[in-house]
Amino acid sequence: MKALVVLSIAAVTAAAQPALAGRTYQGREASAVQCAAYFSYVAYVGQQLGVVSPSVTQAGAEIGTYILVQHVGGTWQQKISAYNIIIDRMPEDMTMFEDANRHLGWCRREFLPR
């Protein structure tokens, strides 16, 4: 189910990208992928739990997409592959929200326009 979390804005472009060899992200790019996952997945889970609206979930997906497009190199397929690895490693319980609370402020300052 986690892999079904889709970054809706740019998902269509993934079909147009040829599948290339995997890519390992490090440093700032790895942090950007993790932040994109936090923004989108926390909003998605929040909606599933009934604590956020669909518009918040959409905003999370848009923010995640923005971060991937602006701050992560490689093809769209490489970005989504890395994103899905992060999503698959996220806890499925309330500790995910605790983790997100520790990181989202930093993510916002580092990767979103002021």
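Residues numbered from 1 in each chain as written. Predicted model: local features only at pLDDT ≥ 70, side-chain atom pairs only at ≥ 80, totals over all residues. Heavy atoms only, no water.

A closer look at the packing of aromatic side chains
- Across all of its chains, the model carries two aromatic pairs by this definition.
- The interplanar angle of 25° and the centroid separation of 5.9 Å between the aromatic rings of tyrosine 41 and tyrosine 44 together place this pair among those described as stacked. Here tyrosine 41 pairs with tyrosine 44, and both are found in helix α2 (residues 27-48), just three residues apart, close to one helical turn. (Phe/Tyr/Trp six-rings, centres within 6.5 Å; stacked < 30°, edge-to-face > 60°. Helix = DSSP H or I, 4+ residues; strand = E, 2+ residues; numbered from the N terminus.)

Some points on the packing of helix α3 (residues 54-71) against helix α4 (residues 76-89)
- Remark: α3 packs on α4, axes separated minimally by 11 Å, with the N-to-C direction vectors making an angle of 125°. By the angle between their directions, the pair α3 and α4 is classed as oblique. For the crossing formed where α3 meets α4, the hand is right-handed. For the pair α3 and α4, contact is made by Thr65, Leu68 and Val69 and by Trp76, Lys79, Ile80 and Tyr83, respectively.
- Looking at side-chain class alone, the contact of α3 with α4 contains five nonpolar, one polar and one charged residues. (Axes fitted to C-alpha atoms, helices over the stretch in contact; angles between N-to-C directions. Parallel < 35°, antiparallel > 145°, perpendicular 65-115°, else oblique. Left-handed = near helix turned anticlockwise from the far one by under 90°. Contact = heavy atoms within 4.5 Å. Nonpolar A, V, L, I, M, F, W, Y, C, P; charged D, E, K, R; others polar.)

Some thoughts on the environment of aspartate 88
- Mapped onto the fold, aspartate 88 is located in helix α4.
- C-alpha separation for the pair aspartate 88 and alanine 37, spaced 51 residues apart in sequence, amounts to 9.9 Å.

A look at a nonpolar patch on the surface
- A cluster of nonpolar side chains, contributed by Leu49, Val51 and Met94, occupies part of the molecular surface with about 330 Å² of accessible area.
- Tracing the chain through its elements places valine 51 in the loop between α2 and α3. (Patch = residues over 30% accessible without salt bridge, like charges linked within 9 Å, V, L, I, M, F, W, Y side chains within 5 Å. Areas by Shrake-Rupley, 256 points an atom, 1.4 Å probe, with all protein chains shown as cover. Salt bridge = Lys/Arg side-chain N within 4 Å of Asp/Glu carboxyl O.)

Describing the nonpolar core
- Counting residues in hydrophobic clusters, the biggest one holds 28 residues, and the most contacted among them are Val33, Tyr41, Ile67, Leu68 and Tyr83.
- The set of elements that each furnish at least two residues to this core consists of α2, α3, α4 and α5 (95-111).
- Looking at which element gives the most residues to this core, the answer is α2, with eleven residues. (Core = buried A, V, L, I, M, F, W, Y, C linked by side-chain atoms within 4.5 Å. Buried < 20%, exposed > 50% of the residue type's maximum accessible area, 1.4 Å probe, protein only.)

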